[in-house]
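Residue strings, one per chain:
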Amino acid sequence: MSDPMTGPMTEVLPSWAVRVEKQSDRWVVELLAQDASDELPVLERALGEPGASWPGPYVFVVDTRLYFVALTHGPGGMVRALISDVTLQEWVLASEVVERYGIEVDEDATDDDDEDGFPAGDLDLFSDGGLPAAELQPILTADLWADEMVAAIATRLGFADELAAAIAP
């Protein structure tokens, strides 16, 4: 069974971390953790050395299916970060990402009465891979779980099958 927005539908783990890298003409997805409890420096180290491949590599962390974090290298080896819902800072990883990367939190826009999440950080994170911010935004604001958002991104970038195989329970 397949969903047009997210691609192949499979049962997945509620929390996980993966490293995604394009090697030659194919994507390689490596499961880093079967839960999202790894500390941010561990995830940053999983990116490897900057400039080793293009685009990416990316590290995705889905935490409790509520939000995801994506990391990649930027200019000069700095780490670029995206969080799918900046309002979930009660979760340790979300709070660490917002603090470490100086992600702006508009307190007025993140009113508790609003059930839609607020993506924040570098919305152009996947532009080099062919998914610009304008096309990413509808994925991040759709009524999807975090793992479904990541699956939609994977479908757009071309590694949906590899991701599904890596995170299958």
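Rules behind the numbers
Residues numbered from 1 in each chain as written. Predicted model: local features only at pLDDT ≥ 70, side-chain atom pairs only at ≥ 80, totals over all residues. Heavy atoms only, no water. Helix = DSSP H or I, 4+ residues; strand = E, 2+ residues; numbered from the N terminus. Buried < 20%, exposed > 50% of the residue type's maximum accessible area, 1.4 Å probe, protein only. Contact = heavy atoms within 4.5 Å. Areas by Shrake-Rupley, 256 points an atom, 1.4 Å probe, with all protein chains shown as cover. Phe/Tyr/Trp six-rings, centres within 6.5 Å; stacked < 30°, edge-to-face > 60°. Patch = residues over 30% accessible without salt bridge, like charges linked within 9 Å, V, L, I, M, F, W, Y side chains within 5 Å. Salt bridge = Lys/Arg side-chain N within 4 Å of Asp/Glu carboxyl O. Polar contact = N/O pair within 3.5 Å; in protein donor to acceptor, adjacent residues only side chain to side chain. Pairing = 2+ DSSP bridges.

A. Structural context of the overall build of the protein. On a plain count of helices and strands, the protein comes out with 5 helices and 8 strands. Reading the helices (α) and strands (β) of the protein from amino to carboxyl end gives β-β-β-β-α-β-β-β-α-β-α-α-α. Put simply, the protein has 169 residues, and 45% of those count as buried. Restricting the contact set of the protein to residue pairs at least 6 apart, pairs at least 24 apart contribute 58%. Accessible surface, the protein: about 8600 Å² in total, of which carbon and sulfur atoms supply 48%.

B. Broad picture of unusual backbone geometry. Residue S24 is not a glycine yet carries a positive backbone phi of 60 degrees. With respect to the helices and strands, the residue S24 is situated in the loop between β3 (16-23) and β4 (26-33). Take S24: its relative accessible area is 72%, and that puts it in the exposed class. A positive phi angle, close to 55 degrees, is found at T64, a residue other than glycine. With respect to the helices and strands, T64 occurs in the loop between β5 (58-63) and β6 (67-73).

C. Representation of the packing of aromatic side chains. The final tally for this structure, using the stated rule, is 7 aromatic pairs. Taken together, a centroid distance of 6.3 Å and an interplanar angle of 45 degrees make the contact between F60 and F68 tilted. Like F68, F60 is buried. Judged by centre distance (6.1 Å) and plane angle (50 degrees), the rings of F60 and F159 are tilted. With F60 in strand β5 and F159 in the loop between α4 (146-157) and α5 (160-167), this pair connects stretches of sequence that are 99 residues apart. Side by side, F60 and F159 carry an identical accessibility label, which is buried. Counting every residue linked through ring pairs, the aromatic cluster contains W27, Y58, F60, F68, F126 and F159.

D. Main features of a nonpolar patch on the surface. Together, L66, W91 and W145 give the surface a local cluster of nonpolar side chains, amounting to about 270 Å² of exposed area. Here L66 lies in the loop between β5 and β6.

E. Spotlight on the side chain of R80. Position of R80 among the secondary structure elements: in strand β7 (residues 79-83). Residue class for R80 comes out buried when judged on its relative accessible area of 14%. Of the polar contacts made by the side chain of R80, one reaches the backbone oxygen of D124; its length is 2.8 Å. Filtering out sequence-adjacent residues up to four positions away, R80 remains in contact with A70, L71, T72, H73, G74, D122, D124, L125 and D128.

F. Structural context of the sheet that holds β3. Overall, antiparallel pairing links the 6 strands, which are arranged β4-β3-β5-β6-β7-β8 in an open sheet. Two strands lie at the open edges of the sheet, namely β4 and β8 (120-121), each paired on one side alone. With 2 bridges connecting them, β7 and β8 associate as antiparallel partners. Bridge pairing in β8 places I83 opposite A120.

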